[in-house]
Amino acid sequence: MTDPVGVRLKRLPHGEGLALPAYTTSGAAGMDVLAAEDCVIAPGQRHAVATGLAVAIPQGYEIQVRPRSGLALKHGITVPNTPGTIDSDYRGELKVILINHGAGDFTIQRGDRIAQLVLAPVTQAAWEEVGELDTTTRGAGGFGSTGGHAKLA
Ligand SMILES: O=c1ccn([C@H]2C[C@H](O)[C@@H](COP(=O)(O)OP(=O)(O)OP(=O)(O)O)O2)c(=O)[nH]1
């Protein structure tokens, strides 16, 4: 594992008193992030949940907002824009967009761990426009062209 990368973080007034996002085990890839508000998400509805945090990610990195598998499996709660992208130049409040694919209301209490944050390196692309692309075995085949499931045949 590489050395940790410092990320400046500011607590917003409604984030006071909450634990910071944290790795729950030594090998965890993501830090669980807490809700800074109480809310109820009805079936089929979405909500951008406040975290009470603003960050300054070093240039060359992003933070990805990913669902928690337990909430997804047991309650149908996921992140519709997964992985949510927190840009290095964003200084607003970090919010977690959640959608309720479950059958009942989902109640979030301030302090609940609602998603996980993964710090990841970013490589920016520089376009090199050409008239023809190189040929490959795959060519334009995609979207199930290699099979692997009866329903794709
Ligand atoms: O789950 C998310 C996704 C985004 N953001 C914040 C940080 C991010 O840097 C900014 C913009 O996100 P994105 O680029 O995904 O949104 P957009 O819809 O393209 O908006 P914009 O035009 O502001 O870039 O919104 C969050 O707080 N949570």
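K.L.:
Honestly, the overall build of the protein in this entry has me stumped. Any pointers?
P.N.:
Looking only at helices and strands, one finds one helix and 10 strands in the protein. Sequence-ordered secondary structure for the protein, helices as α and strands as β, is β-β-β-β-β-α-β-β-β-β-β. Taking 15 Å as the expected radius of gyration for a compact globule of 153 residues, we find that the protein reaches 19 Å, considerably beyond that expectation. Projected onto its principal axes, the C-alpha positions of the protein cover 55 × 40 × 30 Å. Looking at the 153 residues of the protein, the share that counts as buried comes to 31%. A separation of at least 24 residues holds for 69% of the contacts in the protein among residues at least 6 apart in sequence. Per element, the accessible surface of the protein, about 10,400 Å² overall, is 52% carbon and sulfur. Measuring between centres, the 13 positive side-chain charges of the protein sit 8 Å from its 15 negative side-chain charges.

K.L.:
Can you help me understand the sheet that holds strand β10 (residues 113–121) in this one?
P.N.:
Pairing between the strands of a sheet is mediated by backbone hydrogen bonds and can be parallel or antiparallel. Spatially, β2-β10-β5-β7 is the arrangement adopted by the four strands of the open sheet, whose pairing is antiparallel. Each having just a single partner strand, β2 (31–34) and β7 (84–86) make up the two edges of the open sheet. For this sheet, the mean inter-axis angle between neighbouring strands, taken without regard to orientation, is 35°.

K.L.:
What exactly am I supposed to notice about the nonpolar core here?
P.N.:
Generally speaking, nonpolar side chains in soluble globular proteins are found buried as a group. Among the nonpolar cores identified, the biggest contains 23 residues, and Val96, Leu98, Ile108 and Ile114 are the most heavily contacted of them. Apart from the residues within four sequence positions on either side, Ile114 is in contact with Val33, Leu34, Ala35, Val49, Arg68, Leu71, Val96, Leu98 and Ile108.

K.L.:
Whenever I open this one, the sheet that holds strand β8 (residues 93–100) confuses me. Can you help?
P.N.:
The four strands lie next to each other as β1-β4-β8-β6, forming an open sheet whose pairing is antiparallel. Only two strands of the sheet have a single neighbouring strand rather than two, namely β1 (8–11) and β6 (77–78).

K.L.:
Please explain the site of the ligand as it appears in this structure.
P.N.:
Surrounding the ligand, one finds Asn81, Gly84, Thr85, Ile86, Asp87, Tyr90, Glu93, Leu94 and Lys95. Take Asn81: an N or O atom from its side chain is 3.1 Å from an oxygen atom of the ligand. At 2.7 Å from a nitrogen atom of the ligand is found a main-chain nitrogen or oxygen belonging to Lys95. Relative to its unbound accessible area of 560 Å², the ligand is 49% covered by the protein chains. Those elements that place two or more of their residues in the shell around the ligand are β7 and β8.

K.L.:
Teacher, can you tell me more about the pattern of salt bridges here?
P.N.:
Opposite charge on two side chains permits pairing when their charged atoms draw close. For the coordinates displayed, the defined rule picks out two salt bridges. Measuring nitrogen to oxygen at the nearest pair gives 3.7 Å for the salt bridge that ties Arg68 to Asp32. Of this pair, Arg68 sits in the loop between β5 (61–66) and α1 (69–75) while Asp32 sits in strand β2, placing them 36 residues apart in sequence. Judged by its relative accessible area of 25%, Arg68 is partly exposed. Residues Arg113 and Asp32 are paired through a salt bridge, measuring 2.7 Å at the closest nitrogen-oxygen approach. Taken together, the positions of Arg113 in strand β10 and Asp32 in strand β2 put the pair 81 residues apart, joining distant regions of the chain. Given a relative accessible area of 7%, Asp32 falls into the buried group. Sharing partners across several salt bridges, the network here consists of Asp32, Arg68 and Arg113.

K.L.:
Honestly, the environment of Thr78 in this entry has me stumped. Any pointers?
P.N.:
The residue Thr78 is located in strand β6 in this model. Along the backbone, Thr78 and Gly111 are 33 residues apart, and their C-alpha atoms lie at a distance of 18 Å. Filtering out sequence-adjacent residues up to four positions away, Thr78 remains in contact with Pro67, Ile97, Leu98, Ile99 and His101.

What counts and what doesn't
- Residue numbering note: each chain is counted from 1, following its sequence as written.
- Totals for whole chains, interfaces and linings use all residues, but because this is a predicted model, local features are given only for residues with pLDDT of at least 70 and pairs of side-chain atoms are given and counted only at 80 or more.
- Side-chain numbers come from the whole structure's heavy atoms, not from hydrogens or water.
- Runs of E in the DSSP output that reach at least two residues are strands. Runs of H or I that reach at least four are helices, and both are numbered from the N terminus.
- For a compact globule the rule gives 2.2 Å times the number of residues to the power 0.38, and the radius of gyration it is set against comes from C-alpha atoms.
- Only protein chains enter the area calculation, which uses a 1.4 Å probe; residues under 20% of their type maximum are buried, those over 50% are exposed, and those in between are partly exposed.
- When checking whether two residues touch, look at their non-hydrogen atoms; a contact exists if any pair is within 4.5 Å.
- Every accessible area reported is derived by Shrake-Rupley at a probe size of 1.4 Å, with residue values counting cover from the shown protein chains alone.
- The sign given to each residue is positive for Lys and Arg and negative for Asp and Glu; His and the chain ends receive no count.
- Charge placement uses NZ in Lys and CZ in Arg. For Asp and Glu, CG and CD serve respectively.
- For two strands to be treated as a pair, DSSP must find at least two bridges joining them.
- Here an axis means a line fitted to C-alpha atoms, over the contact stretch when the element is a helix, while the angle between two N-to-C directions is reported on a 0 to 180 degree scale.
- Buried Ala, Val, Leu, Ile, Met, Phe, Trp, Tyr and Cys residues form a nonpolar core when they are joined through side-chain atoms within 4.5 Å.
- Here a residue counts as near a molecule or strand whenever at least one of its heavy atoms sits within 4 Å of it.
- Definition of a polar contact: a pair of N or O atoms within 3.5 Å, with one able to donate and the other able to accept a hydrogen when the atoms are protein atoms, and with sequence-neighbouring residues admitted only if both atoms are side-chain atoms.
- Salt bridge criterion: a side-chain nitrogen from Lys or Arg within 4 Å of a carboxyl oxygen from Asp or Glu.

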